[in-house]
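# Structural features, examined
Here's the letter readout for the chains.
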Amino acid sequence: MSEVPNVAIVGATGAVGEEMRLCLEERNFPLKSLTLLASARSAGKKMTFRGEELTVKELTHDSFEGIDIALFSAGGGISLSYGPSAAAAGCVVIDNSSAFRMDPEVPLVVPEINPEAARNAPKKIIANPNCSTIIALMGLAPLHDAFGLRSIIASTYQAVSGSGAQGIIELEEQVKAIATDQPFEMKVYPRQIAFNVIPQVDAFTDNGYTKEELKMLNEGRKILGLEHLKVSCTCVRVPVYRSHSISITAQFEKPVDVASAHAAYADRAGVKLMDDPANGVFPVPLDTTGKDDCLVGRVRKNLVFNNALDLWMVGDQVRKGAALNAVQIAELL
Ligand code: A2P
């Protein structure tokens, strides 16, 4: 890789792609050029980066000549068909889709948790984990380091931004239609999302869990290097524009209490405590929207299991759950 890289964003017009461009700009990421790629529909569209107007280009298999790092966020199908050709052109692919996450030769990286994994990427592809997994692990990793994580029971409250730009539009359109007593369509979600919650994120699998729920299990094990970690998860879509919330019961190897759990977060990058419920202090999705840090609150000793805590995690799904994490991986490179 040349010292100052040429960078591309694949899916530059999407919710995550746009945030990737913002993160590169805000973090003063050192780059020689930025190439914005999307479908033929968006070719010619103008976007600004560091005060300069850039023109979106159509993604083709020749798009990666001279590119050193490509941040992919255009869905698994695009990653599967263009990721390997980008890597073959000499580029390092940082992929936000689930296409390569469980490939043993593809590192799955949260830079605050397992940065060393990014060094060993024989396929020149590094995967960005699932958004809920990143946010949950940002809250759990400090506790794991202190007490040894054994099992997790979690319920997620996932924003529509997790379904990309179309999910945000669908919520907006349904809210407007309902307020004015107009009919509306359901294109992204199987049920009405406005003023409702839907206990399905991604497709159901044979054991009754959804693919999204199993990502928390499989990706959590891979990132933490805990082959036998037990995870049971229920993923729920809620009518929130951005930022996922997660209610977690975590059981540990060692005894835990609230004070030592709080102490575990001191000096940890990317996660902050917001935990003073008696004074109404706990995180909500709007507290993290557009922000880098994940927030933890409602830390309690669980009343059912030994060595267990209950906690409430919130993080911006588009940012730390996707775009920021990908840009942080690029920074590691
Ligand atoms: P486009 O806007 O041209 O459709 P989101 O997840 O927010 O919906 O964004 C998906 C991103 O993936 C968009 O930038 C979208 O571009 C891009 N994309 C979708 N299909 C293709 C494709 N066939 N080739 C390249 N980019 C694609």
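Since this is a predicted model, take the numbers as computed values, not measurements.

Rules and cut-offs
- Residues numbered from 1 in each chain as written.
- Predicted model: local features only at pLDDT ≥ 70, side-chain atom pairs only at ≥ 80, totals over all residues.
- Heavy atoms only, no water.
- Domains from an automatic or database assignment.
- Buried area = accessible area lost by both parts, 1.4 Å probe.
- Salt bridge = Lys/Arg side-chain N within 4 Å of Asp/Glu carboxyl O.
- Pairing = 2+ DSSP bridges.
- Helix = DSSP H or I, 4+ residues; strand = E, 2+ residues; numbered from the N terminus.
- Contact = heavy atoms within 4.5 Å.
- Axes fitted to C-alpha atoms, helices over the stretch in contact; angles between N-to-C directions.
- 1 Å grid on protein atoms, 1.4 Å probe; cavity = no way out; pocket = protein on both sides within 12 Å on 5 of 7 lines; lining within 4 Å.
- Points joined across faces, edges and corners; volume = space filled by probe spheres on them.
- Near = heavy atom within 4 Å.
- Polar contact = N/O pair within 3.5 Å; in protein donor to acceptor, adjacent residues only side chain to side chain.
- Areas by Shrake-Rupley, 256 points an atom, 1.4 Å probe, with all protein chains shown as cover.
- Sits in = over half its atoms within 2 Å of the grid points.
- Nonpolar A, V, L, I, M, F, W, Y, C, P; charged D, E, K, R; others polar.

### Focus: the domain arrangement of the protein
Domain boundaries assigned for the protein yield domain 1 (6-128 + 323-332) and domain 2 (133-317). Placing a centre on the C-alpha atoms of domain 1 and another on those of domain 2 gives a separation of 25 Å. With both chains or domains summed, domain 1 and domain 2 bury close to 1400 Å², and 65% of this area falls on carbon and sulfur atoms. Counting the surface domain 1 buries against domain 2, the share from its top three residues, Leu 108, Glu 112 and Ile 113, is 32%. Taken together, the connections running from domain 1 to domain 2 amount to 3 salt bridges. Notably, a salt bridge pairs Glu 19 with Arg 242, separated by 3.3 Å at the nearest N-O pair.

### Side note on the sheet that holds strand β7 (residues 92-95)
Across the sheet, 6 strands lie side by side as β5-β2-β1-β6-β7-β8; this open sheet has parallel pairing. The sheet terminates laterally at β5 (57-58) and β8 (125-127), the two strands that pair on one side only. One ladder, built from 3 bridges, connects β7 with β8; its direction is parallel. If you follow Val 93 over to β8, its bridge partner there is Ile 125. Those strands touched by helix α2 (residues 76-88) are β1 (6-10), β6 (69-72), β7 and β8, and its axis lies near 175° from that of β6. Contacts between helix α8 (residues 319-332) and the sheet are confined to β6, β7 and β8, with β6 contributing the most and set at about 165° to the helix.

### Regarding the layout of surface pockets
Estimated volume of the largest pocket: approximately 1000 Å³. As for the largest pocket, its lining consists of 42 residues, of which Ser 73, Ala 74, Gly 75, Ser 163 and Gly 164 are closest to the centre. For the lining of the largest pocket, the secondary-structure elements that each account for two or more residues are α1 (15-26), β2 (33-38), α2, α4 (165-179), α5 (211-224) and α8. Shared between two domains, the lining of the largest pocket takes at least three residues from each, and those domains are domain 1 (6-128 + 323-332) and domain 2 (133-317).

### A short note on the site of the ligand
The environment of the ligand is formed by 15 residues, the closest being Thr 13, Ser 39, Arg 41, Ser 42 and Ala 165. Note that an oxygen atom of the ligand is positioned 2.4 Å from one of the side-chain N or O atoms of Ser 42. Relative to its free-state accessible area of 570 Å², the ligand is covered by the protein chains to the extent of 71%. In this structure the site holding the ligand corresponds to the largest pocket. Partitioned by chemical class, the residues of the shell around the ligand number 7 nonpolar, 7 polar and 1 charged.

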